[in-house]
Amino acid sequence: MPDEEKIDFTLFLNEYLNDARDGFQRGNDALLALEKDRSRTDKLDDIGRVFHTLKSSSSMLGFDNIANLAHSAEDLLGRMKKGETPVTQETIDLLFEIIDALERMVKERGERKSLDFVGAYGNTPLQIVELKKKIGEMGSIPENKGTVPNLPPLNLPLAKGGTKGGVTVPFIEKIDTIRVKMVLLDVLFNQVGELIITKNRLDTLLHGTESKELKEILAVMERTINAMQENVSASRMVPVDEIFQKFPRMVRDLAREQDKEIDLVVEGREIELDKSVLDAISEPLIHLLRNAVGHGIEPAGEREAMGKGKSGVIRLLARRAENHILVNVEDDGCGIDLERMKEVAVRKGFVKPEDEGSLSDKDVMNMLFSPGFSSVEDVTGLSGRGIGLNVVRTAAREMGGTVEVATEKGKGTRFFLTLPLTTAIVQTLMVEVSDHVFAIPSDIVLETMRVGVREIKEIADRKVFVRGEEVIPFIALNDVLGIVHKKSDEFKVVVIHRGDRLIGLGVDGVVGQMENIVKPLDPIAQKFRGFSGGTIMGDGRVALLLDIPALFGFEAIREERYQI
C-alpha cells in the first residue's frame, strides 16, 4: 500500500479499548453462568467469540502478545467443546485467570495511548508463558497452534461505494450515536445551572412588572432553559448496569476466598441514573456487598445446621421512585446480633460500661456507621477496619441521600440507599427563619399549613400538633439552628414525610417553590451537620439546602422486621 494510503491505526485505539472492555464483561458473565451450571456448554461459544474478536483486533494493531494469549485460550475452549478437556472448576478458574490477564494487558495498552509496543510487550511477559503452560497442562496443544497464525497482509479500503465517471464515490454510513467525554457534559450541565441562577435573578428584578412583552420574553426564556436542562440531564443518564455488571464476578471471587457458596441476584439493571451519582455510589455498593459476604452470609456448614440452604443469597435491587432511586443490598444470612454489638461497643470504648443497658436498638444501629466500629477482631483483606459502613453513610449524605438498615438475627439484613437521580439541579421549597432563607428538597414536602402557637401541645417532653386525625411531632427550625425568630402567634409549618413518618417543621415564612442549582459545601463546612449544599437566590443571597434526614435523625434504622 502506498505511503499516502497507509491507515493510521491509532485512530482505532479508543474503539479497540471500548470493544475489549465490553468483551471482557461478556466473557465474565458467560463464565459465571457456566460455573453455576456446567451443562451450559453453549456459554463456551460466547466466551470463544470474545477471545476470537480480541485476537483479530489485537493482531491488526500489532499487539501480538495479547493476540497470542487470546489464540491459546481459543485452543483451550476448542478442546473443551470437543470434550477433550472437561469443564471443571480448574478449567473455569484458568479461563477467569486468562481474562484477568488480558484485561490488564489491554488496560496497559490504553494507558500508553500509543501503538508503540516496545518495552512491556517487546518480549513475551512471564505471565503469558505461565498461562500458556497451564493451558498446555489441560491438554496437548498442536505444535502449530502455540502462536498467532500468519495473517495475510491488510489491504483495507479507504472508502466503500460505487463509481461515477471513473471517480470513486464513497459510501458514508450514517452514525446516530457518538461518544462524548464526561467532562464536556459536566461543563454543559454547569452552564445550564448558571442560566437557571440568572433566570431566577431576572424573575426577582422584574417581579411585579406590568410589561406584557417582558413577561412573554421571560416565559419563553424559562421554557427554553427548562428544555435545555432536561436534554442535558437526559444525556447524562446511564443504566445502573454500568456498575452492577461488575459485581457478580466480584462477589464470586470474594465468596471463594471465604470458602462460602453465594448466589448474587441483580434486579433493576435498566434503571437510569445521572453518571455522577452512579460513579459516587460505586464504592458504597462495593462496601455493602463485601459486608454481606464477610459478615452476613454464613459458611455452608453453618447454614445447613440452621436448616438453611447451603448457598446464601445476596440481592442487589434498584428501582425508581419519583425523583429518587432506591437501591437495596440484602442477604439471607445471620443478621445483626444487637446484643453482641452492645458488648463490642463497650469493649472498644464507644460507650461507657454503665451506659450499655440504656442503649436502644436505634443507638446500636447508628453506631455501626461510626468510623472505626467493627465486630471483627482481626483485620483481614475483607473486613475489620471499621470504615465500610461509614463510607456508605458519608457518600449517601454528600449526594443528598440516606442509608437505612433493617435486620433480624438469624434471618438476614437489608440496607436501603435512597439517592437523588441527579445532585446538581433540585426542586426546592424556600423557607424563612428571621432574615435567613433555607431550601428544603420539594420531594419530601407533603404540604404547608398554618398552625397557631396555642395548637402546639407538649406530650412526654415532645411538642406535637394535630392534623386531621394524626398527631404530628413539631420542631421549630429556629430552635434547631439557634436562630431568634420573629415573634408571632402562629407558625408556618412544613409537613415533611419520610416513608410513613411525618414531622412538622415550624418556620417564619414560606417563600415558594424554586428550581435551584445546588453547589456542594467546601470540606470545612461539610463538618456542620444538617446542610448538604448551597444555592444563590435571585436577589444574590446564599441559601443553604437543609439535610433533613441528618438534621432530625430520619435515617439509620427502619422500624420494620426483616423479610425475605
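Scoring rules and cut-offs
Each chain carries its own residue numbering, running from 1 in the direction its sequence is written. Owing to the predicted nature of the model, reporting of local features is limited to residues with pLDDT of at least 70; listing and counting of side-chain atom pairs is limited to 80 or more, with chain, interface and lining totals taken over all residues. Remark: hydrogens and water are excluded; side-chain values derive from all non-hydrogen atoms of the structure. Exposure above 30% relative accessible area and the lack of any salt bridge qualify a residue for a patch; like charges then connect within 9 Å, and the nonpolar side chains Val, Leu, Ile, Met, Phe, Trp and Tyr within 5 Å. In short, Shrake-Rupley with a 1.4 Å probe defines the accessible areas, and a residue's cover is counted only from the protein chains shown. In what follows, salt bridge is the name for a side-chain nitrogen of Lys or Arg lying within 4 Å of a carboxyl oxygen of Asp or Glu. Strands are runs of DSSP state E lasting at least 2 residues, helices are runs of H or I lasting at least 4, and numbering of each runs from the N terminus. When DSSP locates at least two bridges between a pair of strands, those strands are taken to pair. Angles here are taken between N-to-C directions and fall from 0 to 180 degrees, while the axes themselves are lines fitted to C-alpha atoms, restricted in helices to the stretch in contact. Contacts are residue-level and defined by heavy atoms, with any inter-residue pair within 4.5 Å sufficient. A pocket, in this scheme, is an open set of points on a 1 Å grid over the protein atoms alone with protein on both sides within 12 Å along at least 5 of 7 lines, while a cavity is a set where a 1.4 Å probe fits but cannot get out; residues line either one if an atom lies within 4 Å of a point. Grid points are joined across faces, edges and corners, and a volume is the space filled by probe spheres set on the points. The residue classification treats Ala, Val, Leu, Ile, Met, Phe, Trp, Tyr, Cys and Pro as nonpolar and Asp, Glu, Lys and Arg as charged. All others, Gly included, are polar. For each residue, the accessible area found with a 1.4 Å probe, counting protein chains only, is set against the maximum for its type, and the residue is called buried under 20%, exposed over 50%, and partly exposed in between.

K.L.:
Explain a nonpolar patch on the surface residue by residue, including any values.
P.N.:
Residues Ile178, Val180, Val183, Leu184, Val187 and Leu188 make up a contiguous nonpolar surface patch of roughly 530 Å² in combined accessible area. With respect to the helices and strands, the residue Leu184 is situated in helix H6 (residues 182–205).

K.L.:
Mind laying out the sheet that holds strand E19 (residues 531–536), listing which residues take part and the relevant values?
P.N.:
The sheet built from 5 strands is open, its strands ordered E18-E10-E11-E20-E19 with mixed pairing. Among the strands making up the open sheet, the edge pair consists of strand E18 (509–517) and E19. Going from strand to strand, the sheet's axes swing by 35° on average, the running direction of each strand aside. Here 6 bridges tie strand E10 (residues 425–433) to strand E11 (residues 436–441), and the two strands are oriented antiparallel to one another. Bridging across to E11, Val433 finds its partner in His436. Helix-sheet contacts for H6 involve E10, E18 and E19, and the interaxial angle to E18 is about 150°.

K.L.:
Describe the layout of surface pockets, naming the residues involved and giving the relevant values.
P.N.:
Gaps left between atoms are located by rolling a probe of water-molecule size over the structure's atoms. Approximately 1,200 Å³ is the volume found for the second largest pocket. Lining the second largest pocket are 27 residues, and of these Asn18, Arg21, Arg179, Glu242 and Lys275 lie nearest its centre. At the level of elements, helix H1 (13–36), H6, strand E3 (237–239), helix H8 (241–244), helix H9 (247–257) and helix H10 (275–296) are the ones that each hand at least two residues to the lining of the second largest pocket. With 6 residues, the single largest contributor to the lining of the second largest pocket is H1. When its residues are assigned to classes, the lining of the second largest pocket shows 11 nonpolar, 7 polar and 9 charged.

K.L.:
Tell me about the sheet that holds strand E12 (residues 445–452), and please be specific about residues and values.
P.N.:
Strand order in the open sheet made by the 6 strands is E12-E16-E17-E15-E14-E13, with mixed pairing throughout. Bordering the open sheet on either side are E12 and strand E13 (457–459), each of which pairs with just one other strand. Strand-to-strand twist in this sheet, taken as the mean axis angle between neighbours without regard to direction, amounts to 40°. As paired strands, E12 and strand E16 (residues 490–498) are joined by 7 bridges and run antiparallel to one another. Directly across from Gly452, in E16, lies its bridge partner Glu490.

K.L.:
Would you mind going over the environment of Arg256 in detail, with residue names and values included?
P.N.:
Turning to its location among the elements, Arg256 is positioned in helix H9. On the basis of relative accessibility, which here comes to 42%, the residue Arg256 falls in the partly exposed class. The residues contacting Arg256, other than those within four sequence positions of it, are Glu35, Gln89 and Asp93.

K.L.:
Explain the environment of Asp259 residue by residue, including any values.
P.N.:
Position of Asp259 relative to the elements: it lies in the loop between H9 and strand E4 (262–267). Judged by relative accessible area, which is 67%, Asp259 ranks as exposed. Separated by 40 residues in sequence, Asp259 and Pro299 place their C-alpha atoms 7.0 Å apart.

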